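So you can see what is in the structure, the chains are spelled out below.
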Amino acid sequence: MKCEICGGVTTCPANRYKEVKQLEPGDVLILDWDQEVPEGYVVTHYKKRGRYAVPERKGEYELLLVGSAQEWRIRRHYGAEGRWVGQCTYAFWVKKA
């Protein structure tokens, strides 16, 4: 059965998360190649001059990385816009249901 909100069938994110929040601009680190990735961070994108890194957790929230299609579905259901963190990759803070 297709979701009336996002159109997803097996990909619909409804009821998967208690809460979804947007990442703040300061949550994404843009590191030079000579800088070490801090512990607890995951690298999400490589560029010619550096790397993008995002923390795996923020308080009681977990990092969720999704593609552009799923970002749109999550935005429709939860009202939070994903932060771009790499090629076709968007990030959210989530509390799982």
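Enquirer: Requested: an account of the overall build of the chain, with residues and values cited.
Expert: Looking only at helices and strands, the chain features one helix and eight strands. Along the chain direction, N to C, the helices and strands of the chain fall in the order β-β-β-β-β-β-α-β-β. Considering only C-alpha atoms, the chain reaches an extent of 50 × 30 × 20 Å along its principal axes. With the model as given, the accessible surface of the chain reaches about 6400 Å², and the carbon-plus-sulfur share is 46%. The chain carries 16 positive and 13 negative side-chain charges, and their two centres are separated by 7 Å.

Enquirer: Please provide a residue-by-residue account of the state of the cysteines, values included.
Expert: Using the criterion set out here, one finds zero disulfides in the structure. No disulfide involves Cys 12; its sulfur sits 3.6 Å from that of Cys 3, the nearest cysteine. Since its relative accessible area comes to 13%, Cys 12 is described here as buried.

Enquirer: Give me the lowdown on the environment of Glu 36, citing residues and values where you can.
Expert: Along the polypeptide, Glu 36 turns up in the loop between β2 (29-31) and β3 (41-47). We classify Glu 36 as exposed; its relative accessible area is 73%. Setting aside residues no more than four positions away along its own chain, Glu 36 makes contact with Leu 31 and Arg 51.

Enquirer: An account of the nonpolar core is needed here, citing residue identities and associated values.
Expert: In this structure, Leu 23, Val 28, Tyr 52, Val 54, Tyr 61, Leu 63, Val 85, Ala 91 and Trp 93 together form the largest nonpolar core, which totals nine residues. Secondary-structure elements contributing two or more residues to this core are β4 (50-55), β6 (61-66) and β8 (89-96). The next biggest cluster of nonpolar side chains, apart from the first, holds eight residues, and it includes Tyr 17, Val 20, Leu 64 and Phe 92.

Enquirer: Break down the confidence of the model for the chain for me, citing the residues and quoting the values.
Expert: Chain-level pLDDT for the chain is 93 on average; 100% of the residues reach the 70-or-more range. Here β3 is the element of the chain with the lowest mean pLDDT, 92, and β6 is the one with the highest, 97.

Enquirer: Account for the pairing of β8, with residues named and values stated.
Expert: Alignment of strand β1 (residues 17-22) against β8, held across five bridges, turns out to be antiparallel. For Glu 19, the partnering residue across the bridge sits in β8 and is Lys 95. Bridge count between β6 and β8: five bridges; the pairing is antiparallel. Pairing of Leu 65 across the sheet is with Ala 91, part of β8. Of the strand pairs in this sheet, strand β7 (residues 83-86) and β8 are connected by three bridges, and their pairing is antiparallel. Bridge pairing links Trp 84 to Tyr 90 in β8. Turn length for the β7-β8 hairpin, with the two strands adjacent in sequence and antiparallel, is two residues, and the turn residue Cys 88 shows positive phi of about 55 degrees.

About the cut-offs
- Residues numbered from 1 in each chain as written.
- Predicted model: local features only at pLDDT ≥ 70, side-chain atom pairs only at ≥ 80, totals over all residues.
- Heavy atoms only, no water.
- Helix = DSSP H or I, 4+ residues; strand = E, 2+ residues; numbered from the N terminus.
- Areas by Shrake-Rupley, 256 points an atom, 1.4 Å probe, with all protein chains shown as cover.
- Lys, Arg positive; Asp, Glu negative; His and termini not counted.
- Charge placed at Lys NZ, Arg CZ, Asp CG, Glu CD.
- Disulfide = S-S within 2.5 Å.
- Buried < 20%, exposed > 50% of the residue type's maximum accessible area, 1.4 Å probe, protein only.
- Contact = heavy atoms within 4.5 Å.
- Core = buried A, V, L, I, M, F, W, Y, C linked by side-chain atoms within 4.5 Å.
- pLDDT = per-residue confidence, 0-100.
- Pairing = 2+ DSSP bridges.

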